[in-house]
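Here is what each chain is made of, one letter per residue.
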Amino acid sequence: MNPNQLKVIEIPVSIVGEVAGFVYDSKEGIAGIQINILNEKEELVVSVLSESDGYFSYLGLKSGNYSAQPDSIQMESLDMTEITPISFNIKNGQDGDILDTLEFVLKDVSQNSEY
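From a predicted model like this one, the values you see are computed outputs, not experimental measurements. (Residues numbered from 1 in each chain as written. Predicted model: local features only at pLDDT ≥ 70, side-chain atom pairs only at ≥ 80, totals over all residues. Heavy atoms only, no water.)

## Looking at the overall build of the chain
The helix and strand tally for the chain stands at 2 helices and 7 strands. Sequence-ordered secondary structure for the chain, helices as α and strands as β, is β-β-β-β-β-α-β-β-α. Against the 2.2 N^0.38 benchmark of 13 Å for 115 residues, the chain shows a C-alpha radius of gyration of 19 Å, more extended than a compact globule. Expressed as lengths along the three principal axes of its C-alpha atoms, the size of the chain is roughly 80 × 30 × 20 Å. Burial status across the chain gives 30% buried among its 115 residues. For the chain, the proportion of contacts with a sequence separation of at least 24, taken over those separated by at least 6, is 64%. The chain carries 6 positive and 19 negative side-chain charges, and their two centres are separated by 10 Å. (Helix = DSSP H or I, 4+ residues; strand = E, 2+ residues; numbered from the N terminus. Rg over C-alpha atoms; globule rule 2.2 N^0.38 Å. Buried < 20%, exposed > 50% of the residue type's maximum accessible area, 1.4 Å probe, protein only. Contact = heavy atoms within 4.5 Å. Lys, Arg positive; Asp, Glu negative; His and termini not counted. Charge placed at Lys NZ, Arg CZ, Asp CG, Glu CD.)

## Topic: the sheet that holds strand β4 (residues 55–61)
Taken in spatial order, the 3 strands line up as β4-β1-β7 in an open sheet, and their pairing is mixed. Taken across any chain shown, the strands that pair with only one partner, and hence form the sheet edges, are β4 and β7 (97–105). Adjacent strand axes in the sheet meet at a mean angle of 20°, parallel and antiparallel pairs treated alike. Looking at chain direction, strand β1 (residues 17–24) and β4 are connected through 6 bridges and run antiparallel. When the sheet's bridge partners are listed, Val-19 is paired in β4 with Tyr-58. (Pairing = 2+ DSSP bridges. Axes fitted to C-alpha atoms, helices over the stretch in contact; angles between N-to-C directions.)

## Regarding a negative patch on the surface
The grouping of Glu-76, Asp-79, Glu-82 and Asp-108 at the surface amounts to a negative patch. Position of Glu-76 relative to the elements: it lies in helix α1 (residues 72–77). (Patch = residues over 30% accessible without salt bridge, like charges linked within 9 Å, V, L, I, M, F, W, Y side chains within 5 Å. Areas by Shrake-Rupley, 256 points an atom, 1.4 Å probe, with all protein chains shown as cover. Salt bridge = Lys/Arg side-chain N within 4 Å of Asp/Glu carboxyl O.)

## Comments concerning the side chain of Ser-67
Along the chain, Ser-67 turns up in strand β5 (residues 64–70). Residue classification places Ser-67 among the buried positions, given a relative accessible area of 7%.

Encoded structure:
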């Protein structure tokens, strides 16, 4: 550092996308649900937890095809139904990309059984 002198400092910047949504039961958002985000090769990219109101988000996706779904092991331990994955595409332009429309509605397994 030299006083009273300006220096150029180059900082690398990666443009990434964000995915967000909600996890509900029939009435309200559910906290603590693990959402797995997978790439097109079905490899786990990241897992995020839903917040107290059911909201979840992740910023850091490169351009590509992805799918998201609640963790199947957690769904089994909570006696919730399996949820079909939601597929989505991230196309990062100059400002990145935002997809904030994912919604998972979870149901208790006992609600689906017929008598």
